[in-house]
Amino acid sequence: MKSMPRRQDGATLFIALIILLVVTLLAVSSVREVTLESRMTGNFVEQQRLLNASEAGLREGESRLTAPIKPLEVGCASGYCLRDIDPTYEQTFTASLAYSPADGTQSNSGTAVRWYALPAPSGSAEGAAENPEYGNMMQGIGVFRYEVNAEATNTSSERTTSLRTTTAKVFN
């Protein structure tokens, strides 16, 4: 019977350490990847919540502008905010209303939603209706177009989402 050699070279230990190093590197890279994916998912969820809240602000503005039976006067009171400025690309929420729908629903906690509207250009400044058969804008009849702007802000991260839409109503 052969006896075991008295002196070992340590090749097995060296190979085991190399394998352990490779496994550790794979584990560290997996943890970093999971952390990155978690942050990306969290940002996506926040973006979707802000988008939904801003969309709710738009729909509230549209419903409050098109509900009355007469065209609205310029001003920010009585449940609507119709500003008398020329529409521009930039949205400014200095004079706007907070989201407060008539059905009593609330926006997400930690989210502030504001909206305002502008008269959209359609010939009303000249007293002309888009379609003359609908009447005269100066008499409060005809097609009235509104540009509605809404902004949702996360109060902790200060991230915002702004949306814009147009709506029209025929007043007879």
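Only a predicted model underlies this, so the values are computations on that prediction, with no experimental measurement involved.

Chemist: Got a minute to help me understand the environment of Lys169 in this structure?
Modeler: Inspection of the secondary structure puts Lys169 in strand 6 (residues 160-171). Given the relative accessible area of 19%, Lys169 is considered buried. Linking Lys169 and Lys70, residues 99 residues apart in sequence, is a C-alpha distance of 9.9 Å. Among all residues touching Lys169, those that are not within four sequence positions of it are Thr66, Ala67, Pro68, Gly142, Val143 and Phe144.

Chemist: I keep staring at a nonpolar patch on the surface and nothing clicks. Help me out?
Modeler: A cluster of nonpolar side chains, Phe14, Ile15, Ile18, Ile19, Val22, Val23 and Leu26, forms an exposed patch at the surface whose accessible area comes to about 670 Å². Positionally, Ile18 belongs in helix 1 (residues 11-66). Overall, the relative accessible area of 40% leaves Ile18 in the partly exposed class.

Chemist: Can you help me understand the environment of Glu158 in this one?
Modeler: You can see Glu158 is positioned in the loop between strand 5 (142-154) and strand 6. Sequence separation between Glu158 and Gly110 is 48 residues; the distance between their C-alpha atoms is 10.0 Å.

Chemist: So what exactly am I meant to see when it comes to unusual backbone geometry here?
Modeler: Excluding glycine, a negative phi dihedral is what most residues carry, and trans is how most peptide bonds are arranged. Positive phi outside glycine occurs at Glu158, with the angle close to 60°. Glu158 gets classed as exposed once you look at its relative accessible area, which sits at 55%.

Calculation criteria
- Residues numbered from 1 in each chain as written.
- Predicted model: local features only at pLDDT ≥ 70, side-chain atom pairs only at ≥ 80, totals over all residues.
- Heavy atoms only, no water.
- Helix = DSSP H or I, 4+ residues; strand = E, 2+ residues; numbered from the N terminus.
- Buried < 20%, exposed > 50% of the residue type's maximum accessible area, 1.4 Å probe, protein only.
- Contact = heavy atoms within 4.5 Å.
- Patch = residues over 30% accessible without salt bridge, like charges linked within 9 Å, V, L, I, M, F, W, Y side chains within 5 Å.
- Areas by Shrake-Rupley, 256 points an atom, 1.4 Å probe, with all protein chains shown as cover.
- Salt bridge = Lys/Arg side-chain N within 4 Å of Asp/Glu carboxyl O.

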